[in-house]
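# Fold and geometry: a report
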2 protein chains.
Amino acid sequence: MARRTKAEAAATREALLDAAEEVFLAKGVAHTSLEQIARHAGMTRGAVYWHFKNKADLFQAMLGRVRMPFQELIEEVTEPSLEESPLEAIRLAILRGFERLEQPRYRRVHAILVHHCEVFGDIDPLTMQNEMADEACGALTDYFTCAARQGQLREGFSPALAAELMQALLGGLFHDWLRNHEQFSLVTKGSELVEAQLTLMRHP
Amino acid sequence: MARRTKAEAAATREALLDAAEEVFLAKGVAHTSLEQIARHAGMTRGAVYWHFKNKADLFQAMLGRVRMPFQELIEEVTEPSLEESPLEAIRLAILRGFERLEQPRYRRVHAILVHHCEVFGDIDPLTMQNEMADEACGALTDYFTCAARQGQLREGFSPALAAELMQALLGGLFHDWLRNHEQFSLVTKGSELVEAQLTLMRHP
DNA sequence: CGGCCTTTACATACATGAATGTATGCCAAG
DNA sequence: CTTGGCATACATTCATGTATGTAAAGGCCG
C-alpha cells in the first residue's frame, strides 16, 4: 500500500482501535498479538507501530474513546432538579449510565477492562476500577446526603449506608451484565432493581 | 536433587500450588511463566511438568483446592432451622461464606479467578463465574420463596426480586473486596450491608 | 501549473528474547 | 534393579521491536 491522505490515516487508526476492541474481547488482551489486531483490521503490524508506541499505548487509546465520568452523568440530569427530588435524580442518572453502557463500544471496552485484561505493563485495570468505584460512591453519598436532609430516606437509615448498598448493587449488576450481555438488558433489569431498591430506601 | 519420598513429593506439589497462587495474584496468570512459579517454590520447571501437564492443568488443580458450592453453605446452617426463619438462615449462610472467603487461600484463588486471569487455553473464568452466580441466585430464590410463603417478605415484594437484589449486592461487594481486601473486612462491612438489606426487605 | 523534494503512512524484513514442550540424565526410594 | 521425582539441556515457536523499503501526499519554487 502507498500513502493515504490525512483523513484516511485517521480512519485506519480508528479501524485499528475497533479491531483491537473485538479481538481483545474475543481472546483476552494478553493473548492477542499486535499482528492479530492488524490483520483483523486489514493492515499489518507496520500500521500499528506507526499509530501507537506499543500494545499498552494502543490500549490506552482504546480506553480514551469511552471516558465516562460518573459526575458528568449526574450533571446531565437537570430535570427534575436535584434540590427538589434527589432520589429521582439519582435514578435518572443511573438510567443514563445504563443507556450509555448498552452502546456496543462502551459495553465492549468496559467488558475488556473488567473481564478480559490483567495487570499489564504500566496498566493496572484494578486501580482504574477502584477509581471508578470511588468516584461513583462519592457522588452517590453526596446525593443520598442531600436526600436525607430533605427527609426522603427511611429514618435510621444513613446516607453512607444507602450509598454503599446502591454502589454494591450497581457493581454486581454491572459485572453480571458485562459477563454475558445477551442474557438480559441492562436498562430493563437494571431499572427494575434500582427502582425497587430506591422504593425500599425511600421514606414511606 | 534426588528422589524424595511420597510425602515429600506431595509436599512439593502443594508448594508449587502455593507458589502459583502468590505469583498469579501478583503478576496475573497470563504474564507468569512456569519458570517463575517453579523458582518461587525453590524448584525448577522439571518439577512443574512432572506434577502437572501444563499451565492450564496446574491452574485447574489450584482451583480444585477451594471448591465451595453455595448450597453446601446453606446446608451447614442448621440453627436456626430454615423452616422457621429463612431470612435468618440466609444471613447466616452468607456470613459463613464471608468467613471462608477471608481465609487467605480462598481469597487469593477467587481474586485470581475474578481479577487476574483471562480466557486461557480450555479455561474460561467467565463461564465459571456464571455458574457460581447462577447457583447462588437459584439457592437465594428458593429460600426467599420460602420466606415469602411465611409472610416474612414485605408485601408486593416478589422472592425473585429479593433474590436478584441480594445477588447483585453480594456480587458487587465481593468484587470490591477482592480488588483490595486491605480496604475493609468482608465479614464486618458485608454483615452490615446484608443485615441492612434484609431489614429493608423484611415484612414490618 | 509542472517539476522536485520532503515527509507521511504504511508494508516488509530482520534480530532478539522469552516461554513452551520434550528429551535426557541422575540419584535415591521401594 | 526398577521406577519415581525431579534437574538439565535442547529444539521450536511466537511475539516484540526496530530497521529498512516505498509510493504517494503535500508543499515549495520557478
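Residues numbered from 1 in each chain as written. Chains lettered and ligands numbered in written order. Predicted model: local features only at pLDDT ≥ 70, side-chain atom pairs only at ≥ 80, totals over all residues. Heavy atoms only, no water.

## Comments concerning the overall build of chain A
We apply this condition: For the purposes of this entry, the term helix denotes a DSSP run of H or I that reaches at least four residues, the term strand denotes a run of E that reaches at least two, and both are numbered from the N terminus. Contact between two residues is taken to exist if any of their heavy atoms lie within 4.5 Å; hydrogens are not considered. Accessible surface area values rest on a Shrake-Rupley calculation with a 1.4 Å probe, where residue burial reflects the displayed protein chains alone.
When its secondary structure is counted, chain A shows ten helices and zero strands. Seen in sequence order, chain A has helices and strands lined up from the N terminus as α-α-α-α-α-α-α-α-α-α. Principal-axis analysis of the C-alpha atoms places the extent of chain A at approximately 70 × 30 × 30 Å. A separation threshold of at least 6 residues defines the contact pool for chain A, and within that pool the share at least 24 residues apart is 70%. Looking at chain A as shown, the accessible area adds up to about 9400 Å², and 52% of this sits on carbon and sulfur atoms.

## Some words on the interface of chain A and chain B
Threshold: By definition, the buried area sums, over both parts, the 1.4 Å-probe accessible area that each loses when the two are put together. Think of a salt bridge as a Lys or Arg side-chain nitrogen and an Asp or Glu carboxyl oxygen that are within 4 Å of each other.
The interface of chain A with chain B comprises 38 residues on the first partner and 38 residues on the second. Regarding the contact of chain A and chain B, the summed buried area is about 3300 Å², with carbon and sulfur atoms giving 59% of it. Considering only the side of chain A, the residues that lose the most area to chain B are Glu118, Arg179 and Leu200 of chain A, jointly responsible for 21% of the buried surface there. The tally of links from chain A across to chain B stands at two salt bridges. Here Lys189 of chain A ties to Glu164 of chain B by a salt bridge, and the two come within 3.6 Å at their closest N and O atoms. Of all the secondary structure elements, the ones that give two or more residues to the side of chain A that touches chain B are α1 (6-27), α7 (104-115), α8 (125-149), α9 (159-179) and α10 (186-201) of chain A. The biggest single contributor to the side of chain A that touches chain B is α9 of chain A, with twelve residues.

## Observations concerning the nonpolar core
If you look at soluble globular proteins, the nonpolar side chains tend to sit buried side by side. Operational definition: Within this scheme, the nonpolar core is defined by two criteria: the residues are buried Ala, Val, Leu, Ile, Met, Phe, Trp, Tyr or Cys, and they are joined through side-chain atoms within 4.5 Å. Categorising residues by exposure relies on relative accessible area from a 1.4 Å probe, with only protein chains included: less than 20% of the type maximum marks a residue as buried, more than 50% marks it as exposed, and the intermediate range marks it as partly exposed.
Core analysis: the largest hydrophobic core is formed by 124 residues, its most contacted members being Phe59, Phe144 and Met166 of chain A together with Phe59, Phe144 and Met166 of chain B. Look past the residues within four positions of Phe59 of chain A in its chain and what remains in contact with it is Phe24, Val29, Ile112, Leu113, Cys117, Phe120 and Ile123 of chain A.

## Re the relation of the copies chain A and chain B
What counts is decided by this rule: The copies are overlaid by a least-squares fit using only the C-alpha atoms of residues whose pLDDT is at least 70 in both copies.
Overlay of chain A on chain B (RMSD 0.0 Å): rotation 180°, translation along the axis 0.0 Å. On this basis, the relationship between the two copies can be described by a two-fold rotation axis. Both copies share a contact surface, since 100% of the interface residues of chain A are interface residues in chain B too.

## Concerning the pattern of salt bridges
Applying the stated rule across the entire model yields 20 salt bridges over all chains. Linking Glu195 of chain A and Arg91 of chain A is a salt bridge whose minimum nitrogen-to-oxygen distance equals 3.9 Å. With a gap of 104 residues between them, Glu195 of chain A in helix α10 and Arg91 of chain A in helix α6 (residues 86-101) connect regions that are remote in the sequence. By relative accessible area, Glu195 of chain A is classed as partly exposed at 41%. With its nearest N and O atoms 2.8 Å apart, the salt bridge here joins Arg105 of chain B to Asp18 of chain B. Here Arg105 of chain B, found in helix α7 (residues 104-115), pairs with Asp18 of chain B, found in helix α1 (residues 6-27); they are 87 residues apart in sequence, far enough to count as distant.

## Remarks on the domain arrangement of chain A
Residues and elements named next belong to chain A. The criterion, for reference: Per the annotation, domain bounds derive from an automatic or database assignment of domains.
Under the domain assignment used here, chain A contains domain 1 (6-64) and domain 2 (70-201). Facing the 13 residues of domain 1 at the interface are 13 residues of domain 2. Carbon and sulfur atoms make up 71% of the surface buried where domain 1 meets domain 2, a total of about 1300 Å² over both sides. By the criterion of area lost to domain 2, the three top residues of domain 1 are Glu21, Leu25 and Phe59, representing 42% of everything that side buries. Scanning the region where domain 1 abuts domain 2 turns up three salt bridges. The salt bridge involving Arg105 is made with Glu21; its shortest N-O contact spans 3.6 Å.

## Digging into the packing of aromatic side chains
All names here are of chain A. Using the following cut-off: Centres within 6.5 Å are what make two rings of Phe, Tyr or Trp a pair, Trp counting through its six-membered ring; a difference in plane orientation under 30 degrees is then read as stacked, over 60 as edge-to-face, and the rest as tilted.
Scanning all chains against the criterion turns up four aromatic pairs over all chains. For the pair Phe24 and Phe59, a centre-to-centre distance of 6.1 Å together with 55° between the ring planes defines the contact as tilted. Pair noted here: Phe24 is in helix α1 and Phe59 is in helix α4 (residues 55-64), with a separation of 35 residues, a long-range link. Comparing Phe24 with Phe59 shows no difference in burial state: the two are buried.

## Some points on the environment of Leu87 of chain A
All names here are of chain A. One can find Leu87 in helix α6. What makes Leu87 buried here is its relative accessible area of 1%. In sequence terms Leu87 and His40 are 47 residues apart; their C-alpha atoms lie 46 Å from each other. Excluding residues within four positions of it along the chain, Leu87 makes contact with Phe144, Ala147, Gln152, Leu153, Leu198 and Arg202.

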